[in-house]
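Notes for the structure review
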Amino acid sequence: MNTILLIGGTGFLGSHLLNVLLKNHEDIYVVEHKKKIKDVKELRVIRGGIKALNSGMINKIRPDVIYHCARPTVPKLRKAGRKIAAYKAEKLNSRLLNELKKSKVQPSLVFASGSLMYGNSKEAHNEHSGLNPISFARQYFKGERPLVSACFRNDYPVQILRFPWILGDGSWFKWFYMEAMKKYRAIPSFGDMKNTMQFIDVHDAAELMRLYATKAPAPGIYNVFSDQSLRQEDFVKMLSKIFRLPVKNYEEIFTKQLEKEVQEAFASNIVLNTSYPDILDKYTFKSLHESLDSLK
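Residues numbered from 1 in each chain as written. Predicted model: local features only at pLDDT ≥ 70, side-chain atom pairs only at ≥ 80, totals over all residues. Heavy atoms only, no water.

1. Quick look at unusual backbone geometry
Most peptide bonds adopt trans geometry, and most residues besides glycine take a negative phi value. Positive phi values are uncommon outside glycine, yet Gln106 reaches one of about 50 degrees. Take Gln106: it is sitting in the loop between helix H3 (78-102) and strand E5 (108-114). The exposure class of Gln106 is partly exposed, given its relative accessible area of 35%. For Arg185, which is not glycine, the phi dihedral falls at a positive 55 degrees. In this structure, Arg185 sits in the loop between helix H5 (172-184) and strand E8 (187-189). (Helix = DSSP H or I, 4+ residues; strand = E, 2+ residues; numbered from the N terminus. Buried < 20%, exposed > 50% of the residue type's maximum accessible area, 1.4 Å probe, protein only.)

2. Focus: the pairing of E5
When you tally the buried positions in E5, you get five out of seven residues, the bulk of the element. Of the crossover connections in this fold, the one passing from E5 over helix H4 (residues 137-153) to the parallel strand E6 (residues 158-163) is right-handed. (Right-handed = clockwise from strand over helix to strand, strands pointing away.)

3. Quick word on the side chain of Gln198
Mapped onto the secondary structure, Gln198 falls in strand E9 (residues 196-201). Within the local environment of Gln198, its side chain forms a polar contact with the backbone nitrogen of Leu272, the two atoms lying 2.9 Å apart. When near neighbours in sequence (up to four residues on either side) are disregarded, Gln198 contacts Pro164, Trp165, Phe225, Ser226, Gln228, Ser229, Ile270, Val271 and Leu272. (Polar contact = N/O pair within 3.5 Å; in protein donor to acceptor, adjacent residues only side chain to side chain. Contact = heavy atoms within 4.5 Å.)

4. Examining the nonpolar core
Grouped together as the largest cluster of nonpolar side chains are 64 residues, with contacts concentrated most on Leu109, Val158, Trp172, Phe173, Tyr177, Phe235 and Phe266. By residue number, the principal contributor to this core is H5, which donates seven residues. Setting aside its immediate chain neighbours within four residues, Leu109 contacts Ile66, His68, Leu96, Leu97, Leu100, Leu147, Tyr156, Pro157, Val158 and Gln159. Core analysis: the next-biggest nonpolar cluster, separate from the first, contains 34 residues, Leu6, Leu13, Ala206 and Val224 among them. (Core = buried A, V, L, I, M, F, W, Y, C linked by side-chain atoms within 4.5 Å.)

5. Considerations on the sheet that holds strand E11 (residues 229-231)
With mixed pairing, three strands are arranged side by side in an open sheet as E7-E9-E11. The open sheet terminates on both sides in strands that have one partner only, identified here as strand E7 (165-167) and E11. Strand-to-strand twist across the sheet, computed as the mean angle between neighbouring axes with direction ignored, equals 40 degrees. For E9 and E11, the ladder comprises three bridges, and the chain directions are antiparallel. When the bridges of E11 are listed, Thr196 appears paired with Arg231. (Pairing = 2+ DSSP bridges. Axes fitted to C-alpha atoms, helices over the stretch in contact; angles between N-to-C directions.)

6. Some remarks on H5
Over its 13 residues, H5 runs 17 Å from end to end, which matches the ideal 18 Å to within 8%, given 1.5 Å per residue. Remark: the principal bend of H5, roughly 25 degrees, maps to Met178. Listing the buried residues of H5 in full gives Trp172, Phe173, Phe176, Tyr177, Met178, Ala180 and Met181. Trailing H5 by a residue or two, Arg185 shows a phi angle of about 55 degrees, which is positive. (Expected span 1.5 Å × (residues − 1). Bend = angle between axes of the 7 residues up to and from the residue.)

7. Quick look at the sheet that holds strand E2 (residues 27-32)
If you trace the seven strands from one edge of the open sheet to the other, you get E3-E2-E1-E4-E5-E6-E10, paired in parallel fashion. Each edge of the sheet is formed by a strand with only one pairing partner; in this case those strands are strand E3 (43-47) and strand E10 (220-223). The mean inter-strand angle of the sheet, taken between neighbouring strand axes irrespective of direction, is 20 degrees. When strand E1 (residues 3-7) meets strand E4 (residues 65-68), the two strands line up parallel, connected through four bridges. The residue bridging Ile7 from the neighbouring strand is His68, located in E4. Across the face of the sheet, helix H6 (residues 202-215) comes into contact with E4, E5, E6 and E10 while running at roughly 150 degrees to E6.

8. Details of the packing of H3 against H4
Contact geometry of H3 with H4 gives a least axis separation of 5 Å together with a crossing angle of 25 degrees. Put simply, H3 runs roughly parallel to H4. Across the interface between the two elements, Lys79, Arg82, Lys83, Ala86, Ala89, Glu90, Asn93, Ser94, Leu97 and Lys101 from H3 touch Gln139, Tyr140, Lys142, Gly143, Arg145, Pro146, Leu147, Ala150 and Arg153 from H4. Considered class by class, the residues forming the contact of H3 with H4 number seven nonpolar, four polar and eight charged. (Parallel < 35°, antiparallel > 145°, perpendicular 65-115°, else oblique. Nonpolar A, V, L, I, M, F, W, Y, C, P; charged D, E, K, R; others polar.)

9. Quick notes on the pattern of salt bridges
Under the defined criterion, the tally for this structure stands at 17 salt bridges. The salt bridge involving Glu32 is made with Lys36; its shortest N-O contact spans 3.6 Å. Residue Glu32 is classed as buried on the basis of its relative accessible area, which comes to 4%. For Lys174, the salt bridge identified is with Asp169, shortest N-O distance 3.6 Å. (Salt bridge = Lys/Arg side-chain N within 4 Å of Asp/Glu carboxyl O.)

10. Topic: the packing of aromatic side chains
The description of an aromatic ring pair uses the distance of the two centres, along with the angle that the planes make with each other. Under the criterion given, the structure shown has 19 aromatic pairs. Centroid distance Tyr177 to Phe266: 5.7 Å. Interplanar angle 80 degrees. Geometry classified as edge-to-face. Of this pair, Tyr177 sits in helix H5 while Phe266 is found in helix H9 (residues 260-267), placing the two residues 89 residues apart along the sequence. Summarising the burial analysis for this pair, Tyr177 and Phe266 share the class buried. The structure contains a cluster of three or more aromatic residues connected by ring pairs, namely Trp165, Trp172, Phe173, Phe176, Tyr177, Phe190, Phe199, Phe235, Tyr250 and Phe266. (Phe/Tyr/Trp six-rings, centres within 6.5 Å; stacked < 30°, edge-to-face > 60°.)

This is how it looks when you write it as structure tokens:
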């Protein structure tokens, strides 16, 4: 049995990861911030958010792995809120790294990130591709900067996992597709729809966080590769068939102008490749159609 410390266990990805860890009977400590952690006898809750973690507590808990799925949010302020959240995240992640470096245990830190960090490109990105954050990632990257720096300096064992679009209830898909489909009875399209989108189910994303923590050969950046890629035009056709709704340009659907960042994200062409395919050997992904059908 491994001892696990989970940060962000009530969030979209973190809550699924928590279920995966519970299923595998790990010895789990979960950091609680504003949202309450579900009452499960196998869990030990640390209250106070990331700020509550220090070297003394790490030495006491002695975790083998720390999973980090947290990201501060100030959604009501939109872009300004993301800038505030990025500033907070950078301070919190810097402090966390400093406390971990001071500890005697120094467990590996596995952090969930996204493919928007690479930017729009016709070429697939591998782990050696340069970063060119676009859309929401322009702010998110500031929060991740301490962790990325630790990877490049190799001064602490950090794994950064870059995921493609994650499908599931509570994700971007619910905000910009499901709610639009329910309210306006149409499926939004963005740009010329020629861009490629790469997908992964949230359950697979959670399972793979645990897999990479155990099978990745060394600390560093890893692209979570999925072969489930579609052009946006084929993606919305699939949605149209599953939900029996017409496809319309987003400007015909949304009564308020969407942020530039939203338009940029959904019209971007970002495909991940990996230099470490052996990590995913024999792993079976949930099908894209199955994931979408479960959200009906």
